[in-house]
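Examining the three-dimensional arrangement
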Amino acid sequence: MTDLTGAPVPVDVLHTLFRSEQGGHEQVVLCQDRASGLKAVIALHSTALGPGLGGTRFYPYASEAEAVADALNLARGMSYKNAMAGLDHGGGKAVIIGDPETLKSEELLLAYGRFVDSLGGRYVTACDVGTYVADMDVVARETRWATGRSPENGGAGDSSVLTAYGVFQGMRASAQHLWGEPSLRGRRVGIAGVGKVGHHLVDHLIEDGAEVVITDVREESVRRIRDKHPQVTAVADTDTLIRSEGLDVYAPCALGGALNDGSVPALTATVVCGAANNQLAHPGVEKDLADRGILYAPDYVVNAGGVIQVADELHGFDFDRCKAKASKIFDTTLAIFARAKEDGIPPAAAADRIAEQRMADARRS
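Just so we're clear, the structure is a prediction, and the values are computed from it rather than from any experiment.

A separate point is the layout of surface pockets. In this model, the second largest pocket occupies a volume close to 300 Å³. Along the wall of the second largest pocket there are 16 residues; nearest its centre are Gly86, Leu87, Asp88, Ala311 and Lys325. Going through the elements one at a time, helix 12 (305-313) and helix 14 (329-343) are the ones with two or more residues in the lining of the second largest pocket. In terms of residue count, helix 12 provides more of the lining of the second largest pocket than any other element does, 3 residues in total. Looking at the lining of the second largest pocket, its residues break down into 8 nonpolar, 4 polar and 4 charged.

Printed below as a string of structure tokens:
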């Protein structure tokens, strides 16, 4: 197997795909359209529960091998997310290699749509980092297997509203499990990243009576929150946030890898529950959290509101129906905490076991 330049893919990527516990993928498709500059990877981890569903990430990867590795990791995560969300979808993910600010074009998105369509419905795409509703409208001109489109084009629009709502339900469940009350009233919640999802999460928390502290690399995002909610406190950076005294909940809502060997020992919060994907930097971090007495609400469980929304779009979008499904994230999160206690394992491991069982049952049926 070669990468998108024709050079051999490093052994570590092939090892991940075929031999490691992080592998087991059904199909990986390398896509190239020289005219538009498109270089993309579509990874299907599992279709046991149904067509693979997951967004398209547009990102300037340092190498094609890094892009393949990211697609594999993200696709696997979508299998677990969709299983825990109760969706009849497997896991898939796509990455487009390049800077979306300079490379993205109508021609490129149309070419990408043709590659998605060539899979005949095995993969359903949507928005992710670097892609937006308007982009999915273009992709959908070449394939029916594009969701996250605008309402004007038969879609559900921005999925960040229900993503934030689901994270809030996960926080409520964490509060119920730890403090005996499904509310964040009087609790101090720190949010790292108040962009697409994070600013909606702030709204829920303020309405619930929480004290909110935020940080974001974009000054305009912080300003938008402070203009709307002057009582919100802003700090300089994530490192300052996680070390803040009196923090009850830490919500990573930016990029992945937020929970690592440096951040976990510094955390003052007793709950971690946020919207970011792939928060655990490496295997073993979930045990480090548990050893410190920090309750971790698995990211792919609590941030599933968005995928619930885009999945519903395939059947004719109904917001109230989607919100009702996203509300069940509260019960799912509580069930994970109960399973973790019963099995004597961290919540992340408990969530994996439940998701793996659902996929295994589907394969046997």
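What follows picks up the thread again.
Spatial ordering of the open sheet is given by 9-8-7-10-11-12, a layout of 6 strands whose pairing is parallel. One side of each edge strand has no neighbouring strand; the edge strands of this open sheet are strand 9 (233-234) and strand 12 (295-296). Pairing between strand 11 (residues 271-272) and strand 12: 2 bridges, direction parallel. Looking at the pairing, Val272 lines up with Tyr296 of strand 12.

Turning our attention to empty space enclosed by the protein. Summed over all chains, the structure comprises 1 cavity of 30 Å³ or more. What the largest cavity holds in volume is close to 40 Å³. Lys81, Met84, Ala85, Tyr300, Val301, Ala304, Ile329 and Thr332 together form the lining of the largest cavity. Elements with a minimum of two residues in the lining of the largest cavity: helix 2 (64-84), helix 11 (299-302) and helix 14. In terms of residue class, the lining of the largest cavity is built from 6 nonpolar, 1 polar and 1 charged.

Counting buried residues along strand 5 (residues 90-97), 8 of its 8 residues qualify, which places the element largely inside the surrounding structure. Of the two faces of strand 5, both are covered, the one formed by Gly90, Gly92, Ala94 and Ile96 as well as the one formed by Gly91, Lys93, Val95 and Ile97. Summarising the sheet, strand 2 (residues 38-46) and strand 5 pair through 6 bridges and their orientation is antiparallel. Its bridge partner lying in strand 5, Leu44 is registered against Gly92. For strand 3 (residues 52-53) and strand 5, the ladder comprises 2 bridges, and the chain directions are parallel. By the bridge assignment for strand 5, Gly52 is matched with Gly90. Direction of pairing for strand 4 (residues 56-59) relative to strand 5: parallel, over a ladder of 4 bridges. Its bridge partner being in strand 5, Phe58 is matched across the sheet by Ile96.

Cut-offs used in this document
Throughout this description, residue numbers start from 1 for each chain and increase along the sequence as written. The predicted origin of the model limits local features to residues at a pLDDT of at least 70 and limits the giving and counting of side-chain atom pairs to 80 or more, whereas totals for whole chains, interfaces and linings rest on all residues. Hydrogens and waters are ignored; side-chain quantities use all the structure's heavy atoms. Points on a 1 Å grid, built from protein atoms alone, make a cavity when a 1.4 Å probe fits but cannot get out and make a pocket when they are open with protein on both sides within 12 Å along at least 5 of 7 lines; residues with an atom within 4 Å of a point are the lining residues. Grid points are joined across faces, edges and corners, and a volume is the space filled by probe spheres set on the points. Helix numbers and strand numbers start at the N terminus; a helix is a DSSP run of H or I with at least 4 residues, a strand a run of E with at least 2. Three categories are distinguished: nonpolar for Ala, Val, Leu, Ile, Met, Phe, Trp, Tyr, Cys and Pro, charged for Asp, Glu, Lys and Arg, and polar for the others, with Gly belonging to the last. Strands pair, by our definition, only if DSSP identifies at least two bridges between them. Only protein chains enter the area calculation, which uses a 1.4 Å probe; residues under 20% of their type maximum are buried, those over 50% are exposed, and those in between are partly exposed.

None of the figures reported here should be taken as evidence of function without further support.
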